[in-house]
Amino acid sequence: MTQYELPKMPYAYDALEPHIDARTMEIHHTKHHQTYTTKLNDALGKCSSDIQNKDILDILSDLSQVPDELKKAINFNGGGYDNHTLFWNNMKPNGGGEPGGAVADAINSSFGSFADFKEKFSSTTAVIQGSGWGWLVYNPSSSKVEYVAMSNQDSPRTKGLVPLLGLDVWEHAYYLNYQNKRPDYIAAWWNVVNWDEVDNRLSKAK
Ligand code: MN3
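Residues numbered from 1 in each chain as written. Predicted model: local features only at pLDDT ≥ 70, side-chain atom pairs only at ≥ 80, totals over all residues. Heavy atoms only, no water.

Participant: How should the pattern of salt bridges be read in this particular structure?
Facilitator: Should their charged atoms come close, side chains of opposite charge can pair. On inspection of all chains with the given rule, the structure shows four salt bridges. The closest approach of N and O atoms between Asp 82 and Arg 157, which form a salt bridge, is 2.6 Å. In this pair, Asp 82 is assigned in helix α4 (residues 68-89) and Arg 157 in the loop between β2 (144-151) and β3 (162-168), connecting sequence segments 75 residues apart. Just as Asp 82 is buried, Arg 157 falls in that class too. Here Glu 197 and Arg 201 are joined by a salt bridge, their closest N and O atoms 3.2 Å apart. Separated by four residues within a single helix, Glu 197 and Arg 201 lie in helix α9 (residues 195-205), roughly one turn from each other. Look at Arg 201 and you get buried, because its relative accessible area is 9%. (Salt bridge = Lys/Arg side-chain N within 4 Å of Asp/Glu carboxyl O. Helix = DSSP H or I, 4+ residues; strand = E, 2+ residues; numbered from the N terminus. Buried < 20%, exposed > 50% of the residue type's maximum accessible area, 1.4 Å probe, protein only.)

Participant: Explain the coordination of the manganese ion here, please?
Facilitator: Surrounding the manganese ion are the protein donor atoms His 28 (NE2), His 84 (NE2), Asp 168 (OD) and His 172 (NE2), which sit 1.9 to 2.1 Å from the metal. Ordering the donors of the manganese ion by residue number gives the pattern H-x55-H-x83-D-x3-H. You can see His 84 sitting in helix α4 and its partner His 172 sitting in the loop between β3 and α7 (175-178), a full 88 residues away along the chain. (Donors = N, O, S within 2.8 Å, 3.2 Å for Na, K, Ca; no water.)

Participant: Sorry if this is basic, but what is going on with the sheet that holds strand β1 (residues 132-139) here?
Facilitator: Pairing between the strands of a sheet is mediated by backbone hydrogen bonds and can be parallel or antiparallel. If you walk across this open sheet you meet the three strands as β2-β1-β3, and the pairing is antiparallel. Both edges of this open sheet fall to β2 and β3, since each of them pairs with a single strand only. Averaged over all neighbouring strand pairs, the angle between strand axes comes to 20 degrees, with direction disregarded. As paired elements, β1 and β2 share eight bridges and run antiparallel to each other. (Pairing = 2+ DSSP bridges. Axes fitted to C-alpha atoms, helices over the stretch in contact; angles between N-to-C directions.)

Participant: How do you make sense of the pairing of β3 when you look at a structure like this?
Facilitator: Side-chain direction in a regular strand flips from residue to residue, so the side chains alternate between the two faces of the sheet. Across the seven residues that make up β3, a large majority, six, are buried. For β1 and β3, the ladder comprises six bridges, and the chain directions are antiparallel. Its bridge partner being in β3, Tyr 138 is matched across the sheet by Val 162.

Participant: In this structure, what is going on with the packing of aromatic side chains? I would like to understand it.
Facilitator: By convention here, two paired aromatic rings are described through the distance between centres and the angle between planes. Within the structure shown, the criterion is met by 18 aromatic pairs. Summarising the aromatic geometry, the rings of Tyr 36 and Phe 76 are spaced 5.7 Å apart at their centres and angled 70 degrees between planes, so their arrangement reads as edge-to-face. Residue Tyr 36 is found in helix α1 (residues 22-45), and its partner Phe 76 is found in helix α4; the two are separated by 40 residues along the sequence. By relative accessible area, which is 5% here, Tyr 36 ends up buried. (Phe/Tyr/Trp six-rings, centres within 6.5 Å; stacked < 30°, edge-to-face > 60°.)

Participant: Explain α9 to me, please; I cannot follow it from the model alone.
Facilitator: In an α-helix there are 3.6 residues to a turn, and that puts residues three or four apart on one side. Of all the positions in α9, only Trp 195, Val 198, Arg 201 and Leu 202 are classed as buried. The buried residues of α9 occupy one face: seen down the axis, they fall within an arc of 115 degrees. Residues of α9 that are exposed and angled more than 90 degrees away from the buried face: Asp 196 and Lys 204. Where the residues of α9 are buried, they touch α4, α5 (101-111), α6 (114-126), β1, β2 and β3. Its side-chain oxygen placed 3.2 Å from the backbone nitrogen of Asp 196, Asn 194 serves as the N-cap of α9. (Arc of directions from axis to C-beta. Contact = heavy atoms within 4.5 Å. Polar contact = N/O pair within 3.5 Å; in protein donor to acceptor, adjacent residues only side chain to side chain.)

Participant: Explain α4 here, please?
Facilitator: With 22 residues, α4 ought to run about 32 Å at 1.5 Å a step, and its terminal C-alpha atoms sit 32 Å apart, in line with that. Of all bends in α4, the biggest is about 30 degrees, found at Ile 74. (Expected span 1.5 Å × (residues − 1). Bend = angle between axes of the 7 residues up to and from the residue.)

Participant: How should the domain arrangement of the protein be read in this particular structure?
Facilitator: In many analyses, interface size is given as the accessible surface area lost on bringing the parts together. Here the protein is partitioned into domain 1 (22-90) and domain 2 (101-205). The C-alpha centroid of domain 2 is placed 20 Å from the C-alpha centroid of domain 1. The partner domain 2 presents 26 residues to the 21 residues of domain 1 that form the contact. Broken down residue by residue, the surface that domain 1 buries against domain 2 is led by Asn 83, Phe 87 and Asn 90, which jointly contribute 32%. Linking domain 1 to domain 2 there are one salt bridge. Every element with two or more residues in the side of domain 1 that touches domain 2 is listed here: α1, α3 (56-61) and α4. At ten residues, α4 tops the list of elements feeding residues into the side of domain 1 that touches domain 2. (Domains from an automatic or database assignment. Buried area = accessible area lost by both parts, 1.4 Å probe.)

Structure (structure tokens):
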């Protein structure tokens, strides 16, 4: 079966400072993301070979194929594995600003303007209860981009949505530097968004 490995970071742990500090990035990657990856492999190890031979993205897209007793573990750890892989790549040093091209058009069409999108994403993600993620997703059934808030490590893929840009608002993502000030972390995060990556994902999703 496929053994998932912790993906390499696309930049150094301190590359997103001062917006996200190096210690948070290192613990988040080497401890949290590593644990999701290890536990995903453990759960897949208990599945039949027809599941083991599928890509985790395909499994997340249809969890009904997973035995009931393993569904929670695969949803949580498979989501955690995939969400964090996306997360590292949807940030970059000296990122931020506003998107152009197809992403800008899609955002304007769904939200009215970039400013309206940013406000909706920030304010809704800030009030997610407990742990979760805010996402910009592509909905293949409407051919539009949407905002969705997801709990814990639930992947947008489990709802038939394609994740384009995600923000982890678990406390482990910001507590060392921002403590309880989640809105400050969200405001800082916009400075490291990698819009080129979002554009790539949107063109692949269409
Ligand atoms: Mn996390």
